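This is what each chain is made of:
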Amino acid sequence: MSEFATAAEIVQFWFEECTPKQWWQKSEQFDRLVAGRFEATVVAAAQEQLTHWPDNAESALARILLLDQFTRNIWRDKKQAFAYDSLALSTAEQAIAKGYDKQYPINQRAFFYMPFMHSESAAVHERAVQLFSQPGLDDNLSFELRHKEIIDRFGRYPHRNQVLGRKSTPEELDFLTQPGSSF
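Report follows, based on the coordinates. Everything quoted here is computed from the prediction, not taken from an experiment.

## Side note on the overall build of the protein
In terms of helices and strands, the protein carries 10 helices and zero strands. Reading the helices (α) and strands (β) of the protein from amino to carboxyl end gives α-α-α-α-α-α-α-α-α-α. For 183 residues, the compact-globule estimate of 2.2 N^0.38 gives 16 Å, and the C-alpha radius of gyration of the protein, at 16 Å, lies within 12% of that figure. In terms of its C-alpha atoms, the protein occupies a principal-axis envelope of roughly 50 × 35 × 30 Å. Buried positions account for 48% of the 183 residues belonging to the protein. For the protein, the accessible surface area stands at approximately 9600 Å², while carbon and sulfur atoms represent 50% of it.

## Things to note about the side chain of Arg 109
Summarising the element assignment, Arg 109 is placed in helix α6 (residues 106-118). Salt bridges are absent for the buried Arg 109, whose nearest opposite-charge side chain, Asp 101, sits at 5.2 Å.

## Quick word on the pattern of salt bridges
Opposite charge on two side chains permits them to pair, given that their charged atoms come into close proximity. According to the stated counting rule, one finds 12 salt bridges in the structure shown. For Arg 72, the salt bridge identified is with Asp 68, shortest N-O distance 3.7 Å. A residue pair is termed a helical-turn pair when its members lie 3 or 4 positions apart in one helix, as Arg 72 and Asp 68 do in helix α4 (residues 57-74) at four residues. On the accessibility criterion, Arg 72 (14% relative accessible area) is buried. Take Asp 68: its relative accessible area is 0%, and that puts it in the buried class. Here Asp 152 makes a salt bridge to Lys 148, at a shortest N to O gap of 2.7 Å. Highlighted residues: Asp 152 and Lys 148, both in helix α8 (residues 138-154), separated by four residues, approximately one helical turn. The class of Asp 152 is partly exposed, set by a relative accessible area of 44%.

## Regarding α4
Taking 1.5 Å as the rise per residue, α4 with 18 residues should run 26 Å; its terminal C-alpha atoms sit 24 Å apart, in good agreement. Of all the bends in α4, the largest measures some 35° and sits at Leu 66. One side-chain oxygen at the N-terminal end of α4 lies 3.1 Å from the backbone nitrogen of Glu 58; it belongs to Asn 56.

## Looking at the packing of helix α1 (residues 7-17) against α4
Running from amino to carboxyl end, α1 crosses α4 at an angle of 55°, the nearest separation of the two axes being 9 Å. Looking at the two axes, α1 sits oblique to α4. Judged by the sense of rotation from one axis to the other, the crossing of α1 with α4 is left-handed. Here Ala 7, Ala 8, Ile 10, Val 11, Phe 13, Trp 14 and Phe 15 of α1 come into contact with α4, specifically with Glu 58, Ser 59, Leu 61, Ala 62, Leu 65, Leu 66, Gln 69, Phe 70 and Asn 73. Class assignment for the residues of the contact of α1 with α4 results in 12 nonpolar, three polar and one charged.

## Some words on the nonpolar core
Core analysis: the biggest nonpolar cluster contains 54 residues, and Ile 10, Trp 14, Leu 65, Phe 70, Phe 112 and Phe 132 have the highest contact counts within it. Elements with a contribution of two residues or more to this core: α1, α3 (28-46), α4, α5 (85-97), α6 and α7 (122-132). In terms of residue count, α4 provides more of this core than any other element does, 10 residues in total. Setting aside chain neighbours within four positions, we find Ile 10 in contact with Ala 5, Phe 38, Thr 41, Trp 53, Ala 62, Leu 65, Leu 66 and Phe 70. Ile 150, Phe 154, Tyr 157 and Phe 175 belong to the second largest nonpolar core, which has five residues in total.

## Looking at the packing of aromatic side chains
Per the counting criterion, the structure on display carries 17 aromatic pairs. Arranged with centres 4.9 Å apart and planes meeting at 80°, the rings of Trp 23 and Phe 111 form a pair that is edge-to-face. With a gap of 88 residues between them, Trp 23 in helix α2 (residues 20-24) and Phe 111 in helix α6 connect regions that are remote in the sequence. A relative accessible area of 12% means that Trp 23 is categorised as buried. A ring pair is formed by Trp 24 and Phe 111, whose centres lie 5.8 Å apart and whose planes are at 5°; its orientation type is stacked. With Trp 24 in helix α2 and Phe 111 in helix α6, this pair connects stretches of sequence that are 87 residues apart. In textbook terms, an aromatic cluster arises when at least three aromatic residues are bridged by ring pairs, as seen for Phe 13, Trp 14, Phe 15, Trp 23, Trp 24, Phe 30, Phe 38, Phe 70 and Phe 111.

About the thresholds
Residues numbered from 1 in each chain as written. Predicted model: local features only at pLDDT ≥ 70, side-chain atom pairs only at ≥ 80, totals over all residues. Heavy atoms only, no water. Helix = DSSP H or I, 4+ residues; strand = E, 2+ residues; numbered from the N terminus. Rg over C-alpha atoms; globule rule 2.2 N^0.38 Å. Buried < 20%, exposed > 50% of the residue type's maximum accessible area, 1.4 Å probe, protein only. Areas by Shrake-Rupley, 256 points an atom, 1.4 Å probe, with all protein chains shown as cover. Lys, Arg positive; Asp, Glu negative; His and termini not counted. Salt bridge = Lys/Arg side-chain N within 4 Å of Asp/Glu carboxyl O. Expected span 1.5 Å × (residues − 1). Bend = angle between axes of the 7 residues up to and from the residue. Polar contact = N/O pair within 3.5 Å; in protein donor to acceptor, adjacent residues only side chain to side chain. Axes fitted to C-alpha atoms, helices over the stretch in contact; angles between N-to-C directions. Parallel < 35°, antiparallel > 145°, perpendicular 65-115°, else oblique. Left-handed = near helix turned anticlockwise from the far one by under 90°. Contact = heavy atoms within 4.5 Å. Nonpolar A, V, L, I, M, F, W, Y, C, P; charged D, E, K, R; others polar. Core = buried A, V, L, I, M, F, W, Y, C linked by side-chain atoms within 4.5 Å. Phe/Tyr/Trp six-rings, centres within 6.5 Å; stacked < 30°, edge-to-face > 60°.

The following block contains the structure:
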């Protein structure tokens, strides 16, 4: 038996075993669960060791979940939580170009687009707005517009500055004292 989870196990865990509340709510217990079950697979994906996975919609979605969502649970409040965002975005771009996102219901399809929302590139956020403008993604679009506003204003997410070792500007420090300044 492989030490790594399969793409099917990852997708099943996220969409069948977990609830949306667990996805978005900070919970040490949930973070430990994700780490215990999937940390080795996240590391393998980050090191591009999952080349044995077929190139299909399920494996693409699983890679995105590993590199974009699970990293934020496993390494919450650590630099490593954001270390694989570019790999997640690259996987998402390739998957969307192949139409893999369209093979999933809208609530699952949204996760193909999350790496765009997590990017600190204004150009990537333009694309994110397009992707989240699909019917049925209204709540996601609202969150994307809030994320985009921060990127348009600061060129980065100020709430990441401390963990990434970046110096915050006085304007960013003021912003961080306001409700809704971090996600």
